[in-house]
Amino acid sequence: MLRSAAEAIALKALAHLAADGDGLVRFLALSGLELDDLRAQAGNPELLAGIMDFLLSDEALCAGFLTAEDLDSPTLHAARRALPGVTPEA
């Protein structure tokens, strides 16, 4: 998957978290970010990777996102692998 496509999915994941409210509050608490910091860094690939990691760590949030965006799990995982912080597969 192209990095640009992965970033687009991660931005949709961020929007999903924002709509959830509870998920966004938990993400901010775990990341230590303030809402203004999140807004300012929303396009940062490292931050987008963190959002994907957070989403993938919560089964209910992840399932809701996949349903809302009509995505499958392999696509979501491919998007995560295209973002920083993952060792390329051998």
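See above for the structure.
If you're wondering where the values come from, they're calculated on a predicted model, not measured in any experiment.

This part takes up the overall build of the protein chain. A tally of regular secondary structure across the protein chain gives 6 helices and 0 strands. Mapped from its N terminus to its C terminus, the protein chain presents α and β elements in the order α-α-α-α-α-α. Over its C-alpha trace the protein chain gives a radius of gyration of 12 Å, about what one expects of a compact globule, namely 12 Å for 90 residues. Reported as C-alpha extents along the three principal axes, the dimensions of the protein chain are approximately 35 × 25 × 20 Å. Expressed as a percentage of the 90 residues in the protein chain, the buried residues total 34%. Taking as baseline every contact in the protein chain between residues at least 6 positions apart, the subset at least 24 positions apart corresponds to 64%.

Moving on, we come to unusual backbone geometry. Despite not being glycine, Asp 70 has its phi angle at roughly 55°, a positive value. With respect to the secondary-structure elements, Asp 70 resides in the loop between helix H5 (59-69) and helix H6 (73-81).

A few words on the packing of helix H1 (residues 3-20) against helix H4 (residues 45-57). Between H1 and H4, the least distance of the axes is 9 Å, while the angle of their chain directions is 60°. As far as their axial angle goes, H4 and H1 are oblique. Here the hand of the crossing between H1 and H4 comes out left-handed. Two secondary-structure elements touch here, H1 through Arg 3, Glu 7, Ile 9, Ala 10, Leu 11, Ala 13, Leu 14 and Leu 17 and H4 through Pro 45, Leu 48, Ile 51, Met 52, Phe 54 and Leu 55. For the contact of H1 with H4, the per-class residue count stands at 12 nonpolar, no polar and 2 charged.

Reading guide: rules and limits
Residues numbered from 1 in each chain as written. Predicted model: local features only at pLDDT ≥ 70, side-chain atom pairs only at ≥ 80, totals over all residues. Heavy atoms only, no water. Helix = DSSP H or I, 4+ residues; strand = E, 2+ residues; numbered from the N terminus. Rg over C-alpha atoms; globule rule 2.2 N^0.38 Å. Buried < 20%, exposed > 50% of the residue type's maximum accessible area, 1.4 Å probe, protein only. Contact = heavy atoms within 4.5 Å. Axes fitted to C-alpha atoms, helices over the stretch in contact; angles between N-to-C directions. Parallel < 35°, antiparallel > 145°, perpendicular 65-115°, else oblique. Left-handed = near helix turned anticlockwise from the far one by under 90°. Nonpolar A, V, L, I, M, F, W, Y, C, P; charged D, E, K, R; others polar.

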